[in-house]
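# Coordinate inspection notes
Each chain, letter by letter, is given below.
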Amino acid sequence: MSPFTTEVRSNEGNELWYDSKVLAKLGEDNRRAITQRLGQGRYNGIVLYADNLKELSQAVSPRLQRVLHIESAEQWAELSTLISPAGGKDLIQVSVISSSQPTLLATARSAGFRTSWRAHVDNAASLHASFHDGMHYDFLMVSFKDPTNIPLELVIAELHKTNTVLLKEVNQDVDDAVIALGVLELGSDGVLVAFTDMEQFDRFAHKIDAQATPSIDIQVGVIERITHLGLGYRACIDTTHMFNPDEGILVGSTSTGGLLCCPEVFHLPYMELRPFRINAASVHSYVFQANDRTSYISELRAGSSLTTVNARGETRQIFVGRTKTEIRPLLLIEATFPENRKVNIIMQDDWHVRVFSDEAKPRNVTELKAGDRVLGFGTEPGRHVGVKVDEHIIEL
């Protein structure tokens, strides 16, 4: 069996903070639009400063936690009488005090505030200082001089077993924000962004949604009939990821549902394992994706997104490296799933091609017989260009 395992994780619960310093450079209408957007979206924190604390603490949604960045002891002396962790009459509620001054953060902690160490990494010494110092605080906000993610990987590795919440400062780089949340498969705990227009907000939201991993209701179906067909085109899907031993993709001939197809992660006596590959099905087949969408196998190509599913229904998004289409003998597999949903798949007629049994074990398709139980799912039929639609449809 392949030694590779990958944790299935979700971006739900990430800290998404906004750096308000950039607002001073924007026009009034743009500032107002951004403050409204922060209250309506998935953001849960805003970093405020001495020069905008009073204005923005009133302007932004109360559900955003206020993080106040303080530069000096003089600023603390001036602002500490205006703020409180719980708020109150004539006091601004601030949840977190941020600074790069350890004595200031110690004072803030003694006053009941949570604290955030703010660091900038531009060499090896500052990299090590960032996590050695940051692990003593509730949060670490860290920015990096260079575009490589290797320093972030090191910080994640040092902090992931601590209680410190790590946020990477990404400024206006949407792609960097998305990547930071997935580095080392653990990802940073959050990002601090400084978007300046709605297009950046929209693009970030779209990319995060595209990586969302909603679960799929994996069911047990019963094999009804196996039919040997003649030659036809089938496709292997090679991906940029390694499959877990109970993980595959859902494929079927119709929009009624599919079987959970097994990757090449289990012993094959005549060839090396290819744990990145699934010998999927005939080229006409549907691959069931997240968010109730499907793709034809023939549409998949290098860079296409692909939804993997494990036996518990947990999903993750990976990418296609290539599809490899060849003429091979084909096998029609027909099964019935709950609510009498008829599902079929046409796969290569060869012993090394596998689907998952109801115990999440690999079953060679050439050994399947009527009455065998397999994993997959059945759903309401109806697709138009891959999108689920409500219409009367009969697929045979």
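All of these numbers come straight from a predicted model, not from anything done at the bench. (Residues numbered from 1 in each chain as written. Predicted model: local features only at pLDDT ≥ 70, side-chain atom pairs only at ≥ 80, totals over all residues. Heavy atoms only, no water.)

## Points about the overall build of the protein
Our working rule: Helix and strand definitions here come from DSSP, where helices need a minimum of 4 consecutive H or I residues and strands a minimum of 2 consecutive E residues; each element is numbered from the N-terminal end. Only protein chains enter the accessibility calculation, which uses a 1.4 Å probe; a residue is then buried when its area is under 20% of its type maximum, exposed when over 50%, and partly exposed in between. Contacts are assigned to residue pairs that have any heavy atoms within 4.5 Å of one another. Throughout, the Shrake-Rupley method with a 1.4 Å probe supplies accessible areas, and for residues the shown protein chains are the sole cover considered. In this count, Lys and Arg are taken as positive residues and Asp and Glu as negative ones, while His and the chain termini are left out. To locate a charge, the coordinates of NZ of Lys, CZ of Arg, CG of Asp or CD of Glu are taken.
Each helix and strand counted, the protein has eight helices and 24 strands in total. Across its three principal directions, the C-alpha atoms of the protein cover 80 × 45 × 30 Å. Here the protein holds 396 residues, and the buried ones make up 51% of them. Long-range contacts, defined as pairs at least 24 residues apart, comprise 64% of the intrachain contacts of the protein with a sequence gap of at least 6. For the protein, the exposed surface amounts to about 18700 Å²; the carbon and sulfur share of it is 50%. Taking the 39 positively charged and 51 negatively charged side chains of the protein as two groups, their mean positions are separated by 2 Å.

## Digging into the nonpolar core
For the record, the criterion: Side-chain atoms within 4.5 Å are what join buried Ala, Val, Leu, Ile, Met, Phe, Trp, Tyr and Cys residues into a set we call a nonpolar core.
Residues Tyr18, Tyr43, Leu68, Ile83, Ile97, Val191 and Phe204 are the most contacted members of the largest nonpolar core, which totals 53 residues. Residues Phe243, Ala280, Phe337 and Phe356 belong to the second largest nonpolar core, which totals 43 residues.

## Side note on the pattern of salt bridges
Here is the rule we go by: Every case where a carboxyl oxygen of Asp or Glu lies within 4 Å of a side-chain nitrogen of Lys or Arg is listed as a salt bridge.
Per the counting criterion, the structure on display carries 21 salt bridges. With its nearest N and O atoms 3.3 Å apart, the salt bridge here joins Lys207 to Asp175. Highlighted residues: Lys207 in helix 8 (residues 198–210) and Asp175 in helix 7 (residues 174–180), separated in sequence by 32 residues. For Lys207, a relative accessible area of 29% puts it in the partly exposed group. With a shortest N-O distance of 3.2 Å, Glu314 and Arg312 are connected by a salt bridge. Residues participating in the shared-partner salt-bridge network are Arg234, Lys324, Glu326 and Arg328.

## Observations concerning the confidence of the model for the protein
Using the following cut-off: pLDDT measures how confident the predictor is about each residue, on a scale from 0 to 100.
Overall, the predicted model of the protein reaches an average pLDDT of 89, with 90% of residues at or above 70. Scored below 50 in pLDDT, residues 382–390 makes 25 contacts in the model with residues more than four places away or belonging to other chains.

## Section: the pairing of strand 7 (residues 114–121)
Formally: Pairing between two strands requires that DSSP report at least two bridges joining them. Convention used here: a crossover is right-handed provided that the path from the first strand, over the helix, to the second strand proceeds clockwise when the strands point away from the viewer.
A large share of strand 7 lies buried, amounting to six of its eight residues. As paired strands, strand 6 (residues 96–99) and strand 7 are joined by four bridges and run parallel to one another. Each residue of the ladder has a partner; that of Ile97, found in strand 7, is Thr115. For the handedness criterion, the β-α-β arrangement of strand 6, helix 4 (residues 102–110) and strand 7 is classed as right-handed.

## What about unusual backbone geometry?
Its identity as a non-glycine residue notwithstanding, Glu339 has a phi of 65 degrees, on the positive side. Looking at the secondary structure, you find Glu339 in the loop between strand 18 (315–337) and strand 19 (341–348). The backbone of Asn340 sits at a positive phi, close to 60 degrees, despite the residue not being glycine. With respect to the helices, strands and loops of the structure, Asn340 is situated in the loop between strand 18 and strand 19.

## Brief notes about the side chain of Asn310
The cut-off we apply is this: Counting of polar contacts relies on pairs of N or O atoms within 3.5 Å, with two restrictions inside protein: one atom must be capable of donating a hydrogen and the other of accepting it, and residues adjacent in sequence are counted only when both atoms are side-chain atoms.
On the secondary structure map, Asn310 appears in strand 17 (residues 305–310). Look at Asn310 and you get buried, because its relative accessible area is 2%. Side-chain polar atoms of Asn310 contact the side chain of Glu314, separated by 2.8 Å.

## With respect to helix 6 (residues 150–159)
We apply this condition: By arc we mean the arc of the directions from the helix axis to the C-beta atoms, nothing more.
Inspection of helix 6 places Pro151, Leu152, Val155, Ile156 and Leu159 among the buried residues, and these make up the whole buried set. Along the axis of helix 6, the buried positions cluster into a sector of 140 degrees, meaning they face one direction only. Looking at the buried side of helix 6, the elements it contacts are helix 5 (124–134), strand 8 (139–144), strand 9 (165–171) and helix 7.

## Some points on the side chain of Gln317
Tracing the backbone through its elements, the reader meets Gln317 in strand 18. Exposure remark for Gln317: the relative accessible area of 18% places this residue in the buried category. In terms of polar contacts, Gln317 uses its side chain to reach the side chain of Ser305, at 2.8 Å.

## Describing empty space enclosed by the protein
Rule in force here: The way it works is a 1 Å grid over only the protein atoms, where trapped points that fit a 1.4 Å probe form a cavity and open points with protein on both sides within 12 Å along at least five of seven lines form a pocket, and then any residue with an atom within 4 Å of a point lines it. Grid points are joined across faces, edges and corners, and a volume is the space filled by probe spheres set on the points. Just so you know the grouping, Ala, Val, Leu, Ile, Met, Phe, Trp, Tyr, Cys and Pro go in nonpolar, Asp, Glu, Lys and Arg go in charged, and all remaining residues, Gly too, go in polar.
Applying the stated rule across the entire model yields one cavity of 30 Å³ or more. Reported here for the largest cavity is a volume of approximately 30 Å³. In terms of lining, the largest cavity is formed by Cys262, Pro263, Glu264, Asn279, His352, Val353 and Arg354. Partitioning the lining of the largest cavity into residue classes produces three nonpolar, two polar and two charged.

## A look at the environment of Thr107
Counting through the fold element by element, Thr107 comes out in helix 4. Each C-alpha atom of the pair Thr107 and Ala73 lies 9.7 Å from the other, and the pair is 34 residues apart in sequence.

## Re helix 5
Every buried residue of helix 5 is accounted for by Ser126, Leu127, Ser130, Phe131 and Gly134. Seen from one end, helix 5 has its buried residues packed into an arc of 125 degrees, which puts them on one side. Exposed residues pointing more than 90 degrees away from the buried face of helix 5 are listed as Ala124 and Ala125. For helix 5, the secondary structure elements touched by its buried residues are strand 7, strand 8 and helix 6. Between the side-chain oxygen of the N-cap and the backbone nitrogen of Ala125 there are 3.2 Å, and the N-cap of helix 5 in question is Asn123.

## Side note on the state of the cysteines
Heads up, the rule is: In this description, the term disulfide denotes a pair of cysteine sulfurs within 2.5 Å.
Taken as a whole, this structure holds zero disulfides when the rule is applied. With no disulfide partner, Cys236 has as its closest neighbouring cysteine sulfur the one in Cys261, 11 Å distant. A relative accessible area of 2% places Cys236 in the buried class. Just so you know, Cys261 is unpaired, no disulfide at all, and the nearest cysteine sulfur is the one on Cys262, 8.8 Å from it.

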